[in-house]
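Survey of secondary and tertiary structure
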Amino acid sequence: MGNKKCCCGEPSQYFNNFDKILTKYEGKESELIPILQDIQEAYGYLPQDILEALCDRTGLHPTQVMGVITFYSQFRLSPTGENIIKLCFGTACHVKGSEKIAEALKEELNIEVGETTKDNRFTLETVACLGCCGLAPVMMIGNDVYGKLIAKDIPAILDKYR
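As the structure is a prediction and not an experimental result, all values here were calculated from the model.

Brief notes about the packing of aromatic side chains
Considering all chains together, one arrives at five aromatic pairs under this definition. Note on Tyr72 and Phe75: the rings are 6.4 Å apart at their centroids and 90° apart in plane angle, and the pair reads as edge-to-face. With relative accessibility at 32%, the residue Tyr72 sits in the partly exposed group.

Rendered as structure tokens:
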């Protein structure tokens, strides 16, 4: 990868983390999930040019790699915002109004679930359960938990992260 540039034209430094990761796992096909996890940790998501390099260097077919990426919800193919909002839609949260919280978040951020704000500040995701049923409806922003939410709480909470 010595002189290779990423799709953005950045020099080979861009690939240094990738090279270290691949060396760590010796490019073994059986280590695909940990390789992908480490790539995502290093880059914040799974960049297309890095995935292409992974296939080139390991001999894995792109459909094999994409099959794993799309099967596991932990993997991301696009960058996320600085603050990831996880809104619970488990039974307790759903019954206690998570849909209203979702609408308030979408309106306040001007995005849909799964999207990132234009300023890359926030990414909005829904999850099946955050394990905080007694706080329903609940959301997390990073490691911060917000429970017993009502729609009018959302602007003030988001202002803490702006």
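Here's the deal with the sheet that holds strand β1 (residues 83-88)
Sheet architecture is open: four strands sit in the order β2-β1-β3-β4, paired in mixed fashion. A strand with exactly one partner marks an edge of an open sheet, and here the two such strands are β2 (122-127) and β4 (144-146). When strand polarity is set aside, the average angle formed by the axes of neighbouring strands in this sheet is 20°. The pairing of β1 with β2 spans six bridges and is classified as parallel.

With respect to helix α6 (residues 98-109)
If you check α6, its first and last C-alpha atoms are 16 Å apart, about what twelve residues at 1.5 Å a residue would give, namely 16 Å. Here α6 has its buried residues at Ser98, Ile101, Ala102, Ala104, Leu105, Lys106 and Leu109. Just downstream of α6, Asn110 is the residue with a positive phi angle, here 60°.

Some points on the pairing of β1
Here is the key point about a regular strand: its side chains alternate between the two faces of the sheet. The pairing of β1 with strand β3 (residues 139-141) spans three bridges and is antiparallel. Residue pairing across strands places Lys86 opposite Met140, the latter belonging to β3.

Overview of the environment of Pro137
Structurally, Pro137 can be placed in the loop between β2 and β3. With relative accessibility at 3%, the residue Pro137 sits in the buried group. Distance from Pro137 to Gly97, taken between C-alpha atoms, is 6.2 Å for residues 40 residues apart in sequence. Apart from the residues within four sequence positions on either side, Pro137 is in contact with Cys93, Lys96, Gly97, Ser98, Ile101, Tyr146, Gly147, Lys148 and Leu149.

Thresholds, definitions, all that
- Residues numbered from 1 in each chain as written.
- Predicted model: local features only at pLDDT ≥ 70, side-chain atom pairs only at ≥ 80, totals over all residues.
- Heavy atoms only, no water.
- Phe/Tyr/Trp six-rings, centres within 6.5 Å; stacked < 30°, edge-to-face > 60°.
- Buried < 20%, exposed > 50% of the residue type's maximum accessible area, 1.4 Å probe, protein only.
- Pairing = 2+ DSSP bridges.
- Helix = DSSP H or I, 4+ residues; strand = E, 2+ residues; numbered from the N terminus.
- Axes fitted to C-alpha atoms, helices over the stretch in contact; angles between N-to-C directions.
- Expected span 1.5 Å × (residues − 1).
- Contact = heavy atoms within 4.5 Å.

No statement about biological role is implied by the geometric values presented.
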